[in-house]
Amino acid sequence: MTVRDILKMGDPRLLRVAEPVKEFDTPELHALIADMFDTMHAANGAGLAAPQIGVNQRVVIYGFKQNPRYPEAPAVPETVLINPVLRPLSADREEGWEGCLSVPGMRGVVPRLARLHYEGFDQYGNKISRDADGFHARVVQHECDHLDGILYPMRIEDFSKFGFTEVLFPELDPNDDD
Ligand code: NI
């Protein structure tokens, strides 16, 4: 288990479409997920996608009880989600602040689907099938976007709501956002 380097925006590896996982419950997959949790926890992240550590596979993790980077956010169940498929449950969109470990020190307001259904598999190949809304739905959409080479700044519609965390949210610990 290792804390891996997180690629930063500008690295072309963040712009690739990731490959589906074909084999579950393998030592390689378990090692990847262990590294992803170590890396996410070391950075106090709300989620992490495999491409952010340079692994071009459709694997994301997310979840927390309390997160210092998003102190207002409700708990999100700790989840390993592989080969995800997302489906809107309504056309409603909600705006909310996002950051990304690959875009350190910045936050932006991003419109996302307010409610969605998602499916995929855990690392053992067990099916996951859930409905989500609010911050949970936002995190899933943000992480799954990484699998298609999309970073949240590409989703921003109002650039007057994009800036440095230390200016926008001076109450947050800047060490949690680099
Ligand atoms: Ni991200």
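Here goes a summary of the coordinates provided. (Residues numbered from 1 in each chain as written. Predicted model: local features only at pLDDT ≥ 70, side-chain atom pairs only at ≥ 80, totals over all residues. Heavy atoms only, no water.)

1. Structural notes on the overall build of the protein chain
- Looking only at helices and strands, one finds 3 helices and 8 strands in the protein chain.
- Going from N to C terminus, the protein chain has its helices and strands arranged as α-β-β-β-β-β-β-β-α-β-α.
- Relative to its length of 178 residues, the protein chain is compact, with a C-alpha radius of gyration of 15 Å against a globular reference of 16 Å.
- Across its three principal directions, the C-alpha atoms of the protein chain cover 45 × 40 × 30 Å.
- Residues classed as buried in the protein chain amount to 53% of the 178 residues present.
- Considering only intrachain contacts with a sequence separation of at least 6, the fraction spanning at least 24 residues in the protein chain is 67%.
- Accessible surface computed for the protein chain: about 8800 Å², of which carbon and sulfur atoms make up 52%.
- With 18 positive and 29 negative side-chain charges, the protein chain shows a separation of 4 Å between the mean positions of the two kinds. (Helix = DSSP H or I, 4+ residues; strand = E, 2+ residues; numbered from the N terminus. Rg over C-alpha atoms; globule rule 2.2 N^0.38 Å. Buried < 20%, exposed > 50% of the residue type's maximum accessible area, 1.4 Å probe, protein only. Contact = heavy atoms within 4.5 Å. Areas by Shrake-Rupley, 256 points an atom, 1.4 Å probe, with all protein chains shown as cover. Lys, Arg positive; Asp, Glu negative; His and termini not counted. Charge placed at Lys NZ, Arg CZ, Asp CG, Glu CD.)

2. Quick look at the nonpolar core
- In this structure, Val 60, Tyr 62, Phe 64, Leu 81, Tyr 118 and Phe 135 are the most contacted members of the largest nonpolar core, which totals 20 residues.
- Sorting the residues of this core by element identifies strand E2 (59-64), strand E3 (76-88), strand E6 (115-121), strand E7 (127-133) and helix H2 (134-146) as the ones contributing at least two each.
- In this structure, Phe 64 is in contact with Ala 46, Ala 73, Pro 74, Ala 75, Val 76 and Phe 135, ignoring residues within four places of it in sequence.
- By size, the runner-up hydrophobic cluster in this structure holds 17 residues, among which are Val 21, Ala 50, Ile 82 and Leu 101. (Core = buried A, V, L, I, M, F, W, Y, C linked by side-chain atoms within 4.5 Å.)

3. Let's talk about the coordination of the nickel ion
- Here the nickel ion is held by the protein donor atoms Cys 100 (SG), His 142 (NE2) and His 146 (NE2), which lie 2.1 to 2.3 Å from it.
- In the primary sequence, the donor residues of the nickel ion line up as C-x41-H-x3-H. In this pair, His 142 and His 146 both sit in helix H2, 4 residues apart, roughly one turn of the helix. Residue His 142 shares its accessibility class with His 146, and that shared class is buried. (Donors = N, O, S within 2.8 Å, 3.2 Å for Na, K, Ca; no water.)

4. Side note on the pairing of E3
- In this structure, E2 lies alongside E3, joined through 5 bridges in antiparallel fashion. Considered in E3, the bridge of Ile 61 is made with Val 80.
- Relative to E6, E3 runs antiparallel, the two sharing 5 bridges. Across the sheet, residue Val 85 finds its bridge partner in E6, namely Glu 119. (Pairing = 2+ DSSP bridges.)

5. So, the side chain of Gln 141
- Within the secondary structure, Gln 141 sits in helix H2.
- At a separation of 2.9 Å, a polar atom in the side chain of Gln 141 contacts the main-chain carbonyl oxygen of Leu 113.
- Setting aside its immediate chain neighbours within four residues, Gln 141 contacts Leu 86, Arg 112, Leu 113 and Leu 116. (Polar contact = N/O pair within 3.5 Å; in protein donor to acceptor, adjacent residues only side chain to side chain.)

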